[in-house]
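# Structural characterization, general
The chain contents come next:
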Amino acid sequence: MSGLHEIRIPIYPECWETCGSCAQGDITVWEILVKPGDTVNFDDNVITLETGKVALDIQSPHAGTVAEVFVEEGQHVAEGTLVMSIDTGD
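Residues numbered from 1 in each chain as written. Predicted model: local features only at pLDDT ≥ 70, side-chain atom pairs only at ≥ 80, totals over all residues. Heavy atoms only, no water.

Here we come to the overall build of the protein chain. A count of helical and extended segments in the protein chain gives 1 helix and 8 strands. Written out in order from the N terminus, the α and β elements of the protein chain read β-α-β-β-β-β-β-β-β. Counting only residues that meet the buried cut, the protein chain has 31% of its 90 residues in that class. Long-range pairs, those at least 24 residues apart, make up 58% of the contacts in the protein chain between residues at least 6 apart in sequence. For the protein chain, the accessible area works out to roughly 5,200 Å², and carbon and sulfur atoms hold 49% of it. (Helix = DSSP H or I, 4+ residues; strand = E, 2+ residues; numbered from the N terminus. Buried < 20%, exposed > 50% of the residue type's maximum accessible area, 1.4 Å probe, protein only. Contact = heavy atoms within 4.5 Å. Areas by Shrake-Rupley, 256 points an atom, 1.4 Å probe, with all protein chains shown as cover.)

Listed below in structure tokens is the structure:
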């Protein structure tokens, strides 16, 4: 089993697009909170996204070391976009 695990932009509920209360369609990388080589714990915030009316913190689903970051602050991204990889040492 590989020790590298991917973190991707979540798939948002359909209701976000229809009600208009949360998102306006565009997803922007607002802030990257870690860099390659940083140690993260399960549920640590690693990136903040801006989706129209709300900012969302994305947490790490694994504890380990940030191997690579694939996005930049200010970049527009789509659901499912690869954000970073975490090496869990598995």
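On to the nonpolar core. Core analysis: the biggest nonpolar cluster contains 17 residues, and Val29, Val46, Ile47, Leu49, Val71 and Met84 have the highest contact counts within it. Elements with a minimum of two residues in this core: strand S2 (27-32), strand S4 (45-50) and strand S8 (82-87). Apart from the residues lying within four places of it in its own chain, the contact partners of Met84 are His5, Glu6, Ile7, Val34, Val46, Val66, Glu68, Val69 and Phe70. (Core = buried A, V, L, I, M, F, W, Y, C linked by side-chain atoms within 4.5 Å.)

Attention now goes to the sheet that holds strand S6 (residues 64-69). Remark on secondary structure: sheet strands pair via backbone hydrogen bonds, oriented parallel or antiparallel. Ordered in space as S1-S8-S6-S3, the 4 strands form an open sheet in which the pairing is antiparallel. Unpaired on one side and paired on the other, strand S1 (4-8) and strand S3 (39-40) mark the two borders of the sheet. In this sheet, S6 lies alongside S3 in antiparallel orientation, the contact comprising 2 bridges. Across the sheet, residue Val40 finds its bridge partner in S6, namely Gly64. (Pairing = 2+ DSSP bridges.)

Another point: the sheet that holds strand S5 (residues 55-59). As summarised here, the arrangement of the 4 strands in space is S5-S4-S2-S7, forming an open sheet in which the pairing is antiparallel. Bordering the open sheet on either side are S5 and strand S7 (76-77), each of which pairs with just one other strand. Examined bridge by bridge, S2 and S7 share 2 bridges and lie antiparallel to one another. Residue pairing across strands places Thr28 opposite His76, the latter belonging to S7.

Scanning the model with the defined rule gives 2 salt bridges in all. We note a salt bridge from Glu6 to Arg8, for which the minimum N-O separation is 3.0 Å. The class of Glu6 is partly exposed, set by a relative accessible area of 48%. Here Lys35 makes a salt bridge to Asp38, at a shortest N to O gap of 3.2 Å. (Salt bridge = Lys/Arg side-chain N within 4 Å of Asp/Glu carboxyl O.)

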